[in-house]
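Next come the chains, spelled out residue by residue.
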Amino acid sequence: VDAQTKQVFLSSETADNITAFCREHAVTEFQFFLTCASLVIQRYVGSRDIVLNIPVTNRTDQFQSSNGIFINNVLFRPPKASFNTFLECLEKIKQEWFKVQAHSMYPLDEVSSLIQKIHNKSISSLCGIMFNYVLQEKPTANISVHARHAKMPFSVDVIHDKTSNAIEVRADWA
């Protein structure tokens, strides 16, 4: 089955409104979009119990002079509770994300082995959804190549180009 892609481009006015909202409520744009994606995905799959695979950079001070990319994936389970307002949900996801960040240095392959050993499940049966937020500070040429196969069964990418104040939200699925 070929991969499918849907892209949505947000206006710079909308981007400005999101930035102002985040500043007013002391959250990052990553946390804002993570909350939005979590709510949409929970509704889309018909379950509050989802797990997102999120790539994070792991370049600590000790590696500042090293060349290369230091990336790990963390598993994030958004809160399953119902919330009366978006702000309640945003605050809870913010708190949960800080907890996950404390464990972001654990290698995903070791986490996967532990899940297999303890729960007798593969990581792919637990998590088939990826969320990725990219903040571009410098202009870059985006090359979008239509993939024959999706990276994961479902992935959401948010690309925020600060120089042009453009936000692209892209969903890919198999």
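Residues numbered from 1 in each chain as written. Predicted model: local features only at pLDDT ≥ 70, side-chain atom pairs only at ≥ 80, totals over all residues. Heavy atoms only, no water.

## Examining the packing of helix α2 (residues 29-45) against helix α3 (residues 86-101)
Using the following cut-off: Here, axes are lines fitted to C-alpha atoms. For helices the fit covers the stretch in contact, and angles between N-to-C directions go from 0 to 180 degrees. For helices the rule is a DSSP run of H or I covering at least 4 residues; for strands it is a run of E covering at least 2, with both sets numbered from the N terminus onward. The cut-offs work like this: below 35 degrees is roughly parallel, past 145 is roughly antiparallel, 65 to 115 is roughly perpendicular, and the gaps in between are oblique. Handedness of a crossing is defined here by the sense of rotation of the near helix relative to the far one, left-handed for an anticlockwise turn of less than a right angle and right-handed for a clockwise turn. We call two residues in contact whenever any of their non-hydrogen atoms come within 4.5 Å of each other. Asp, Glu, Lys and Arg are counted as charged, while Ala, Val, Leu, Ile, Met, Phe, Trp, Tyr, Cys and Pro are counted as nonpolar; the rest, among them Gly, fall into the polar class.
The interhelical angle for the contact between α2 and α3, taken along N-to-C directions, is 110 degrees, at an axis separation of 9 Å. Judged on the interaxial angle alone, α3 and α2 are roughly perpendicular. As for how α2 packs across α3, the hand of that crossing is right-handed. Across the interface between the two elements, Phe-30, Gln-31, Phe-32, Leu-34, Thr-35, Cys-36, Ser-38 and Leu-39 from α2 touch Phe-86, Cys-89, Leu-90, Ile-93, Lys-94, Trp-97 and Phe-98 from α3. Of the residues assigned to the contact of α2 with α3, the class counts are 11 nonpolar, three polar and one charged.

## Describing the confidence of the model for the protein chain
So the rule is basically this: For every residue, the predictor reports its confidence as pLDDT, a number between 0 and 100.
Chain-level pLDDT for the protein chain is 84 on average; 83% of the residues reach the 70-or-more range. When pLDDT is averaged over each element of the protein chain, helix α1 (residues 12-24) comes out on top at 96 and helix α5 (residues 123-126) at the bottom at 72.

## What to know about the packing of α1 against α2
Here α1 crosses α2 at 105 degrees, and the two axes come no closer than 9 Å. The orientation of α1 relative to α2 falls into the category roughly perpendicular. For the pair α1 and α2, contact is made by Ile-18, Thr-19, Phe-21 and Cys-22 and by Glu-29, Phe-32 and Phe-33, respectively. When grouped by side-chain class, the residues that make up the contact of α1 with α2 number five nonpolar, one polar and one charged.

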